[in-house]
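Spelled out from the first residue to the last, the chains are:
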Amino acid sequence: QVRLVESGGGLVQPGGSLTLSCAASGGILRITDMNWYRQAPGKEREWVAKIERSSTQTYADFVKGRFSISRDNAKKIMTLQMDSLNSEDTAVYYCNANVLPLGPGSWRYYWGQGTQVTVSS
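Computed from a prediction, not measured in an experiment: that's the story for all the values here.

Draft legend 1. Structural context of the pattern of salt bridges. The tally for this structure, following the rule as stated, stands at five salt bridges. Residue Arg-38 pairs with Glu-46 through a salt bridge whose shortest N-O separation is 2.8 Å. Since its relative accessible area comes to 6%, Arg-38 is described here as buried. Of the charged contacts, one joins Lys-50 and Glu-52 as a salt bridge, the two residues approaching to 3.3 Å between their closest N and O atoms. With a relative accessible area of 25%, Lys-50 lands in the partly exposed category. A single salt-bridge network, built from bridges that share partners, covers Arg-38, Glu-46, Arg-66 and Asp-89.

Right, here's the structure in full:
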């Protein structure tokens, strides 16, 4: 069974940095694009960044220049380096990936359970 597990969340002061990781496991044949989303209290979930299998990256305007997404295809790990954090970055961050599973099944997007990031002094 395909699983995505995020880690690295926590409490950080404004202006600080944090690195999130997402590890994919289970019966995976191939992963194409991987994404980070976030959801702040009382708000809709929003897309943050995307990385293609080729490592092409795209970012939401509100994180450009501050966040950096990367991946290791062999290890099936994606990371999000977050710098210059501010209170508006406080949210639960979710990993999302387009996965082709081993055995029966077709391409579909999977979600992790989320990791909390809190930016506060």
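Draft legend 2. Inspection of the pairing of strand β1 (residues 3–7) at higher detail. Side chains Leu-4 and Glu-6 project from β1 onto a buried face, and the interleaved Arg-3, Val-5 and Ser-7 project onto a face without burial. Two elements, β1 and strand β3 (residues 18–25), share five bridges in a ladder whose sense is antiparallel. By the bridge assignment, Leu-4 is partnered in β3 with Ala-24.

Draft legend 3. Seen up close, the side chain of Glu-6. Positionally, Glu-6 belongs in strand β1. Within the buried core, Glu-6 has no salt-bridge partner, and the shortest N-O distance to an opposite charge, that of Arg-45, equals 7.5 Å. Separated by 2.7 Å, the side chain of Glu-6 and the backbone nitrogen of Cys-95 make a polar contact. For Glu-6, the side chain forms a polar contact with the main-chain nitrogen of Gly-114, separated by 2.9 Å.

Draft legend 4. Highlighting unusual backbone geometry. For Ser-55, which is not glycine, the phi torsion reads 80 degrees and is therefore positive. Position of Ser-55 relative to the elements: it lies in the loop between β5 (46–51) and β6 (57–59). For Ser-55, a relative accessible area of 35% corresponds to the partly exposed category. Positive phi is not limited to glycine here, since Lys-76 has a value of about 60 degrees. Looking at where Lys-76 falls in the secondary structure, it is placed in the loop between β7 (67–72) and β8 (77–82). Among the residues examined, Lys-76 registers a relative accessible area of 27% and is labelled partly exposed.

Definitions and cut-offs
Position numbers for residues count from 1 along each chain, tracking the sequence in the order it is written. Totals for whole chains, interfaces and linings use all residues, but because this is a predicted model, local features are given only for residues with pLDDT of at least 70 and pairs of side-chain atoms are given and counted only at 80 or more. Side-chain metrics in this entry use all non-hydrogen atoms of the structure; hydrogen atoms and water are not considered. In the sections that follow, a salt bridge refers to a side-chain nitrogen of Lys or Arg positioned within 4 Å of a carboxyl oxygen of Asp or Glu. Per-residue accessibility, obtained with a 1.4 Å probe over protein chains only, is compared with the maximum for each type, and a residue is labelled buried under 20%, exposed over 50%, and partly exposed between these values. Secondary structure elements are taken from DSSP: a helix is a run of H or I of four residues or more, a strand is a run of E of two residues or more, and numbering for both begins at the N terminus. Strand pairing is assigned whenever DSSP detects at least two bridges linking the two strands. In this tally Asp and Glu are treated as negative and Lys and Arg as positive; neither His nor the chain ends contributes. Polar contact criterion, stated in full: a pair of N or O atoms within 3.5 Å, where within protein one must be able to donate a hydrogen and the other to accept it, and residues adjacent in sequence count only if both atoms are side-chain atoms.

This is a description of form; function is not addressed.
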